[in-house]
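# Coordinates in review
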Amino acid sequence: MKQKDDFFNQVYSIDQANNAYMIEVSLDSYTDIFSEWDPAPFKRRELDSDLQFYLENSADEIPTQHSIEVCFTLPPGTRDEAMEQEVRAGLANSLDFKIYLLKKEIKLINTRTFRYVLAGLGTLLVARLIAEPAEFNVVTSVLTEGLFIGGWVFLWEAVSLFFFSNRDLYYRYRTYKRLRGSEVIFSDAA
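Now for a quick tour of the structure. (Residues numbered from 1 in each chain as written. Predicted model: local features only at pLDDT ≥ 70, side-chain atom pairs only at ≥ 80, totals over all residues. Heavy atoms only, no water.)

## Overview of the packing of aromatic side chains
Summed over the entire model, instances satisfying the criterion amount to six aromatic pairs. With 6.4 Å between their ring centres and 55° between their planes, Trp156 and Phe164 make a pair best called tilted. Residue class for Phe164 comes out partly exposed when judged on its relative accessible area of 44%. The structure contains a cluster of three or more aromatic residues connected by ring pairs, namely Tyr30, Phe72 and Phe186. (Phe/Tyr/Trp six-rings, centres within 6.5 Å; stacked < 30°, edge-to-face > 60°. Buried < 20%, exposed > 50% of the residue type's maximum accessible area, 1.4 Å probe, protein only.)

Have a look at this one:
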């Protein structure tokens, strides 16, 4: 573990004040943080896609037991405290919106998973009930086998959604929550 920490200490700086790994981003201006295609004020603006990708990957690289902070570096003499407050609010709103969308998607997948489990178990139950009293001829045999296969397909889809799709969404959700909880610092370039 010590060797791994040494690696992250080389790649990411540590803020000595709070012992957090710093995700450092160099900016030319505050507008670099947000999408140039979004004309909304900073408070409601979408993050720049390249910055979002960089923040997500950096947050994923740093082990979760360590705290993180985002440090934006600006050219000397260009800092504006009022603008920094707006940018912090805009960054928080953007991350909150992404978290909201992920929660919504997770809820939708959980609902679909539950429906697939019910459909699968119901189909298997019907197949089992039909299989017992029915005389086995070609039609009932094919119908019964089709219902059994359909039931197992529904159950497999539920398992697939729950264990594979949800896992990715929960992982992204945790990353956004981690970024949302991190401190945002502005500094002048040295």
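There is more to say, and it comes next.
## Focus: the sheet that holds strand 1 (residues 13-15)
Taking strand neighbours across the sheet as the criterion, the four strands line up as 1-2-3-4 in an open arrangement whose pairing is mixed. At either margin of the open sheet sits one strand with a lone partner, and together these are strand 1 and strand 4 (183-188). Strand-to-strand, the axes of this sheet are offset by a mean angle of 40°, without reference to chain direction. Bridge count for strand 1 against strand 2 (residues 20-26) is three bridges, and the pairing is antiparallel. Paired with Ile14 across the bridge in strand 2 is Tyr21. Taken strand by strand, helix 3 (residues 81-131) contacts strand 3 (68-74) and strand 4, and its axis lies near 145° from that of strand 4. (Pairing = 2+ DSSP bridges. Helix = DSSP H or I, 4+ residues; strand = E, 2+ residues; numbered from the N terminus. Axes fitted to C-alpha atoms, helices over the stretch in contact; angles between N-to-C directions. Contact = heavy atoms within 4.5 Å.)

## Overview of a nonpolar patch on the surface
On the surface, Trp156, Val159, Phe162, Phe163 and Phe164 cluster together into a nonpolar patch covering about 540 Å² of accessible area. Within the secondary structure, Trp156 is located in helix 4 (residues 138-181). (Patch = residues over 30% accessible without salt bridge, like charges linked within 9 Å, V, L, I, M, F, W, Y side chains within 5 Å. Areas by Shrake-Rupley, 256 points an atom, 1.4 Å probe, with all protein chains shown as cover. Salt bridge = Lys/Arg side-chain N within 4 Å of Asp/Glu carboxyl O.)

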